Amino acid sequence: MDLHLQLGEGGLAEQIYAQLYERIGANVLPAGTVLPSSRELAERLSVSRATVVAAYERLAAHGLIRSRAGIGTVVTGQRGHASTEPPASLLQPRAIWSTEQLAVPDLTRPDAEFDFAPGVPARAQFPFARWRALLNDQLRTRTDVSYADPAGSAPLRTALARHLVVSRGVRIAPEQLVITTGAQQAFDIAARVLLEPGDTVAVEDPGYLPAYRGFVAHGAHVVGVPVDSEGLVVDQIPAGTRLVYVTPSHQFPLGMPMSDSRRTALLAWAARHDAAIVEDDYDSEFRFTGRPLTPLQAIDTEGRVLYVGSFSKTLLPALRVGFLGLPATLAEAARRAKFVADYGTGGHVQAALAAFIENGDLARYIRRMRGAYERRHHMLISTLREQFDGELEPIESSGGTHMAALLTRGQPPDTTLAARALAEGVHLGTVSRWGIEGPGPNGFVFGYGAIAADRIQAGLAALRRVI
Ligand SMILES: Cc1ncc(COP(=O)(O)O)c(C=O)c1O
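Just so it is clear, the structure is predicted and the values come from calculations on it, not from any experiment.

This brings us to the side chain of Thr 247. Mapped onto the secondary structure, Thr 247 falls in the loop between β9 (241–246) and α8 (260–272). A residue is classified by how much of its surface remains accessible, and Thr 247, at 1% relative accessible area, is buried. Beyond its immediate stretch of four places on either side in the chain, Thr 247 contacts Glu 204, Phe 252, Asp 280 and Tyr 282.

Okay, here's the thing in structure tokens:
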């Protein structure tokens, strides 16, 4: 064994003893480790053999090492004070990190026969072979393997800007885009760029808790504003609000789009109160009914909208790629904030994604999945109407990868029913957990990213057994 000991001035045996004692205690030399023979160690350290023998004898006296015939000197264990536990610390995080609001939710997924969990991607349909080929190309040919522009690669931002104007009517220059680690980092950067501690942020209630947490973590005063069938109730945004976070295409978690009049009202409100709007357009490309919904960003004439998108729904959450589109006045600050946060998103993934968009793979995949999601959505809503009439009221939505249905009055709490459903092999989300100021409405969130259309009826029949 190559045992490195550092010897300085003073008693050599004492130093050898102390260093071995400490390493055995810290489990750097665990039980069973064979130490060098006293002769070998003496030679290596240029000390007399008697010095090493003295140190070994002391360790043996403490029961830490033992001489074993045919093997040599062996570590036996850690007696007395020696411990593998890291030392206890008196340091504590800032109080905010101990609050329940910022707790990490349970991200494990039960292995259910019928998976209606929201946020689960269409693993079976994802073009893994194509993605692998594009990533491999990058790994094979890419010579630039160092740090790069923190705002994101130019080819990806250019491809994305083109894609956004075609698919969403979002007009944005590549220089106004920052590639982020998911939508989540886009919220974080928006907060870093715009918020002073204590600023008021308004979010939809019920609403997307990860965004809420992002603003809370910045020390903002975050207020839940009710939503109704037209989306955020603009009249109820508190005066003095600096930033409003909304999901206008597909309200999370309820699913309805924000009406045209509310969109206009929200932009007018922001103009009157000199506020910013963070528009989370997370799954809008999967729209299958009704008129196209123009993003707030596309009708904003004052540059008040920060547009957030994600590849978690269009591709996979595991990619952890999203983006933030900003008014030109904020773009450089956001680029700096991204640099401070993490120096930039991984270059290989960005390059593969740029190729995926440029080659038309993204548009093709979205088109294919739009059809698949439409069939699943249709099957879900028609079966819910037929089989759960009187117990569950589906909320109209025009797209996305999940829908919500509220339990009618007198039904048990959604969490109780969801636990019972899981026992029947059905995994689904609850609406109540997305409440901001208190529990949200009683109901279910049905994700249809993971469940095939022809499994939906059987899944809902299993759910029927508990409602
Ligand atoms: C409302 C909302 N915004 C954004 C996202 C995507 O977040 P991220 O890109 O951080 O995975 C999701 C995904 O579930 C979502 O539901």
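Alright, that's what it looks like, and here's the rest.
Adjacent strands of a sheet pair through backbone hydrogen bonds, lying either parallel or antiparallel. Reading across from one edge, β4-β15-β16-β14-β13 is the order of the five strands in this open sheet, with mixed pairing throughout. Across the chains shown, the open sheet's two edge strands, defined by having one partner strand only, are β4 (114–116) and β13 (392–394). When strand polarity is set aside, the average angle formed by the axes of neighbouring strands in this sheet is 35°. Pairing between β4 and strand β15 (residues 426–430): three bridges, direction parallel. For Phe 114, the partnering residue across the bridge sits in β15 and is Val 426. Contacts from helix α15 (residues 453–464) reach β4, β15 and β16 (443–447), with the element oriented near 90° to β4.

In terms of domain boundaries, the protein chain breaks down into domain 1 (12–75), domain 2 (98–120 + 364–464) and domain 3 (128–361). Averaged C-alpha coordinates put domain 1 and domain 2 at centres separated by 62 Å.

Strand order in the open sheet made by the eight strands is β5-β12-β11-β10-β9-β6-β7-β8, with mixed pairing throughout. Whereas interior strands pair on both sides, the edge strands pair on one side only; in this sheet they are β5 (177–180) and β8 (231–232). Pairing geometry for β9 and strand β10 (residues 276–280), over four bridges, is parallel. Bridging from a neighbouring strand, Tyr 245 pairs with Val 278 of β10. Sheet contacts for helix α11 (residues 328–342): β5 and β11 (305–310); angle to β5, the most-contacted strand, approximately 20°.

On to empty space enclosed by the protein, then. Counting across every chain of the model gives two cavities of 30 Å³ or more. If you add up the space inside the largest cavity, you get close to 90 Å³. What lines the largest cavity is a set of 14 residues, and nearest its centre among them are Asp 281, Glu 285, Gly 309, Ser 310 and Phe 323. Counting residues per element, the ones that place at least two in the lining of the largest cavity are α5 (154–168), β11 and α10 (311–314). Looking at the lining of the largest cavity, its residues break down into six nonpolar, five polar and three charged. Considering only enclosed or pocket space, the second largest cavity measures out at about 60 Å³ in volume. Lining the second largest cavity are Arg 168, Ser 249, His 250, Asp 283, Ser 284, Phe 286, Arg 287, Leu 293, Ser 398, Gly 399 and Gly 400. For the lining of the second largest cavity, a count of residues per class yields two nonpolar, six polar and three charged. Structurally, the lining of the second largest cavity is a two-domain feature, drawing no fewer than three residues from each of domain 2 (98–120 + 364–464) and domain 3 (128–361).

What follows covers the packing of helix α4 (residues 128–141) against helix α12 (residues 347–358). Two numbers describe how α4 lies on α12: the axes approach to 9 Å, and their chain directions differ by 125°. On the basis of their axis angle, the class for α4 and α12 is oblique. When you trace α4 past α12, the crossing you get is right-handed. In this structure, α4 uses Arg 130, Trp 131, Leu 134, Leu 135, Gln 138 and Leu 139 to contact α12, whose residues at the interface are His 348, Val 349, Ala 351, Ala 352, Leu 353, Ala 355 and Phe 356.

Criteria and thresholds
- Residues numbered from 1 in each chain as written.
- Predicted model: local features only at pLDDT ≥ 70, side-chain atom pairs only at ≥ 80, totals over all residues.
- Heavy atoms only, no water.
- Helix = DSSP H or I, 4+ residues; strand = E, 2+ residues; numbered from the N terminus.
- Buried < 20%, exposed > 50% of the residue type's maximum accessible area, 1.4 Å probe, protein only.
- Contact = heavy atoms within 4.5 Å.
- Pairing = 2+ DSSP bridges.
- Axes fitted to C-alpha atoms, helices over the stretch in contact; angles between N-to-C directions.
- Domains from an automatic or database assignment.
- 1 Å grid on protein atoms, 1.4 Å probe; cavity = no way out; pocket = protein on both sides within 12 Å on 5 of 7 lines; lining within 4 Å.
- Points joined across faces, edges and corners; volume = space filled by probe spheres on them.
- Nonpolar A, V, L, I, M, F, W, Y, C, P; charged D, E, K, R; others polar.
- Parallel < 35°, antiparallel > 145°, perpendicular 65-115°, else oblique.
- Left-handed = near helix turned anticlockwise from the far one by under 90°.

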